[in-house]
Amino acid sequence: MSDQLAATRRAAFLRAEIERHNEAYYRHDAPTVTDAEYDGLFRELQTLEAQYPALHTADSPTRRVGAAPLKEFSPHRHGVAMLSLNNAFSSAEVAAFDQRVREGLDDMAAVDYAVEPKFDGLAISLTYENGIFSRGATRGDGSTGEDVTPNLRTLSCLPLRLAGSEWPPLIEVRGEVLMFKGAFDDLNARQRERGEKTFANPRNAAAGSLRQLDSRITASRPLSFFAYGIGAGADALPVKTHDELMKLLATWGFPVADERRVVCGAAGLLAFFEDIGARRAQLPYDIDGVVYKVNQLAAQAQLGFVSRAPRFAIAHKFPAEEALTVVVGIDVQVGRTGAITPVARLQPVFVGGVTVTNATLHNEDEVRRKDVRVGDTVIVRRAGDVIPEVVASLPEKRPARDLFGGEALHPPFFMPTRCPQCDSAIVRGVDEAIARCSGGLFCPAQRKAALSHFAARRAIDIEGLGDKLVEQLVDAALVHSPADLYGLTQETLAGLDRMGEKSAQNLLAAIESSKQTTLARFIFSLGIRNVGESTARDLARHFGQLEPLLAADQAALQQIPDVGPVVAASLAAFFGEPHNRQIIERLRLAGVNWPDSAPAATGTRVLAGKTLVLTGTLPTLKRDQAKALIEAAGGKVSGSVSKKTDFVLAGEDAGTKLENARQLGVMVIDEAAFLKLLNQGD
Ligand code: IVH
């Protein structure tokens, strides 16, 4: 056998092997060889093709890695024009479409429709000659698009050679190139890591990745494809319906979406729209609506086209989730815990079904990363019930001139150094994304938020004390801290807006009844950072009373399961603030109270009914901390050892008390054993 012949055979074998492994890997998620073995086959094929260029066929899998960059894309004239779809935005428009279809078919009976997602990517046309992928192009103006063949070759989900046999000698397969949401997030994370530009959404990422002059870049991008139709070559196919056509395309090796149905009449169309609309956020790829197509191909032909769109199909669009608008200002908002959030004030824009005037910019780093500036045109997104956000700025649309013809200044955003509400310093910890106002309850914004939190149903529970009323009380300087609520009277309330005698009475009654609470609710109501309802409950259960909690230091707090250094530090910082202790004291003096120690807890507390004696210096716990822990666990601390003493907790330099314990046979434990004992109760 000649070298040439041997090489030809070997190359054919390698191509088949590689395609088989690709199929197993990409289509069935079930790799059949290790990466190293695969790379070995691949490199061998590349070497052979370099040696014998005739072997470097158009359908060779080595084409998928991309080729040297092009200077520009060449135009590609589509065999059959790529048309667009008319849109429907309401049920009435869908019903009217169905009506037109039935009239056009001279048959008023219900029509079957093939329904499928409207993929949010970019349309492409793939030409196959004798089953081999020969050309791929974007839609362009519908007649002529850009030839992006080398880029499309890199899409591992596209067949370079058609499977099966029922394909005509020339066929144009139409579909959408897109990027799955997960792949998009990964790509953006990678881009960010490398300090490269990120993409605003999967559609832009797909378009940007496909329209690369260097196909090696496309090869590194996770692009997908869904087929949805045929251009040239449609006449000769052995199918009668669109649904059969999709199944046939799948047998040739094209990905087609699972989310396809055949439904009957307008009611069927609307039911599919509702169903997929409800699942839209969970789909792994973005869709911007659904497409309805008359299922019978003969009926499609009878209906034909009007100007540049088919009469037999329509796109039923969701309200757009993204829109362009202009940033008229950037403010910062102060949250309950002082977190400062930059917010873009926008020219009102209708997006996601509502008019949006503000959108979050998350934090300082995000504003910088997206380089959002006042005057910029931005993409705003509102998906479902999610808070509207600024996705990206379009700096190319930044006006060069201001309103008076002067050179427009667009300074980048800087986080203010002082809180706009109370003028306290804004601080941001190292390694923290969030900046915070350091004003605490001096800051009216934090004060209002803290009061609303205090009064909430799950906290101290003052019925009728909502955000609006809290705002009035703080602005009128009637209330500065939660403790002031308990000093309110009918007279002081009388001056407030829309506060009749009856409402004032109701509010005062609600404040009065809030005094009977539980320790867990009380702790939660204080609004300590990182202390949610469940931590508050754990603390209440562990300590039983407030005093030992106030006495506990960070080491003692961390003995509680689920309390780590962050929560312990928050608690210590909060209780270390004399101002906060004062408010707690005033609340208790005003009559806020809770059952002393929850009776249910008594039985489970490990030291219930036990007497301990402390002696010597413990390695970490101070004397009063150890005492607080003993009491919190239900035990008593005594000054001298007797037969009734259950344990002597001894540290270094223990004196006569240790001697006595030994003589009386009382159990002596060290700090480690003591802490272990405490943990048994949890
Ligand atoms: S059929 C003659 N089906 O929507 C009709 N188009 O406005 C050809 N699109 O540019 C289109 N998903 O990119 C069809 N399932 C789908 C589609 C779909 C997305 C896009 C396509 C086209 C635009 C039409």
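Calculation criteria
- Residues numbered from 1 in each chain as written.
- Predicted model: local features only at pLDDT ≥ 70, side-chain atom pairs only at ≥ 80, totals over all residues.
- Heavy atoms only, no water.
- Axes fitted to C-alpha atoms, helices over the stretch in contact; angles between N-to-C directions.
- Helix = DSSP H or I, 4+ residues; strand = E, 2+ residues; numbered from the N terminus.
- Parallel < 35°, antiparallel > 145°, perpendicular 65-115°, else oblique.
- Left-handed = near helix turned anticlockwise from the far one by under 90°.
- Contact = heavy atoms within 4.5 Å.
- Nonpolar A, V, L, I, M, F, W, Y, C, P; charged D, E, K, R; others polar.
- Pairing = 2+ DSSP bridges.
- Buried < 20%, exposed > 50% of the residue type's maximum accessible area, 1.4 Å probe, protein only.
- Phe/Tyr/Trp six-rings, centres within 6.5 Å; stacked < 30°, edge-to-face > 60°.
- Polar contact = N/O pair within 3.5 Å; in protein donor to acceptor, adjacent residues only side chain to side chain.
- Near = heavy atom within 4 Å.
- Areas by Shrake-Rupley, 256 points an atom, 1.4 Å probe, with all protein chains shown as cover.

Caption draft 1: Main features of the packing of helix α12 (residues 444–455) against helix α13 (residues 467–475). One way to put it is that α12 packs onto α13 with a least axis distance of 9 Å and a crossing angle of 135°. Relative to α13, the element α12 lies oblique. For the pair α12 and α13, the sense of crossing is right-handed. Where α12 approaches α13, its residues Pro 444, Arg 447, Lys 448, Leu 451 and Ser 452 are matched on the opposing element by Asp 467, Val 470, Glu 471, Val 474 and Asp 475. By residue class, the composition of the contact of α12 with α13 is 4 nonpolar, 1 polar and 5 charged.

Caption draft 2: Representation of the sheet that holds strand β23 (residues 647–650). Pairing is parallel in the open sheet, where 4 strands are placed in the order β22-β21-β23-β24. Two strands close off the open sheet at either side, each with one partner strand: β22 (636–638) and β24 (667–669). This sheet shows a mean twist of 35° between the axes of neighbouring strands, independent of strand direction. When strand β21 (residues 611–615) meets β23, the two strands line up parallel, connected through 4 bridges. Bridge pairing in β23 places Leu 612 opposite Phe 647. Across the sheet, helix α24 (residues 623–632) is in contact with β21, β22 and β23; its angle to β21 comes to roughly 170°. Contacting β21, β23 and β24, helix α26 (residues 671–680) crosses the sheet at an angle of about 100° to β24.

Caption draft 3: Region of the structure containing the packing of α24 against α26. Between α24 and α26, whose axes approach to 11 Å, the crossing angle comes to 30°. In terms of their interaxial angle, α24 and α26 are classed as roughly parallel. The two elements α24 and α26 cross, and the hand of that crossing is left-handed. Counted together, Ala 626, Leu 629 and Ile 630 of α24 and Phe 674, Leu 675 and Leu 678 of α26 form the full contact between these two elements. Residue composition of the contact of α24 with α26, grouped by class: 6 nonpolar, no polar and no charged.

Caption draft 4: Structural view of unusual backbone geometry. Positive phi, normally seen in glycine, also occurs at Asn 130, with a value near 50°. In this structure, Asn 130 sits in the loop between β4 (122–129) and β5 (132–138). You can call Asn 130 exposed: its relative accessible area is 54%. Of note, Arg 498 is a non-glycine position whose phi angle comes to about 50°, a positive value. Topologically, Arg 498 is positioned in the loop between α15 (490–494) and α16 (501–513).

Caption draft 5: The arrangement of the environment of Gly 464 in detail. Mapping Gly 464 onto the fold places it in the loop between α12 and α13. Its relative accessible area of 63% is what places Gly 464 among the exposed residues.

Caption draft 6: How the structure looks around the packing of aromatic side chains. Scanning the model with the defined rule gives 15 aromatic pairs in all. Here the aromatic cluster, defined as three or more aromatic residues joined through ring pairs, consists of Phe 119, Phe 180, Phe 226 and Tyr 285.

Caption draft 7: A look at the environment of Glu 129. As for its placement among the helices and strands, Glu 129 is situated in strand β4. Of the residues examined, Glu 129 reaches a relative accessible area of 41% and is grouped as partly exposed. Leaving out residues up to four positions away in the same chain, Glu 129 has contacts with Ser 134, Pro 169 and Leu 170. Of the polar contacts made by the side chain of Glu 129, one reaches the side chain of Ser 134; its length is 2.8 Å.

Caption draft 8: Broad picture of the site of the ligand. Surrounding the ligand, one finds 13 residues, the nearest of these being Glu 116, Pro 117, Glu 176, Tyr 228 and Lys 293. One of the side-chain N or O atoms of Tyr 228 is found 3.2 Å from an oxygen atom in the ligand. Taken by itself the ligand offers 520 Å² of open surface, and the protein chains cover 85% of this. When residues of the shell around the ligand are traced back to their parent elements, those giving at least two are β3 (112–119) and β10 (287–294). Broken down by element, the residue count for the shell around the ligand peaks at 4 residues, all from β3. Grouping the constituent residues of the shell around the ligand by class yields 7 nonpolar, 1 polar and 5 charged.

Caption draft 9: How the structure looks around the pairing of strand β16 (residues 354–360). Where strand β15 (residues 339–351) and β16 come together, 6 bridges link them in antiparallel fashion. Residue Ala 344 lies in a different strand from β16, and its bridge partner there is Ala 359. Linking two consecutive strands that pair antiparallel, namely β15 and β16, is a turn of 2 residues; a positive phi of about 60° is found at Gly 352 within it.

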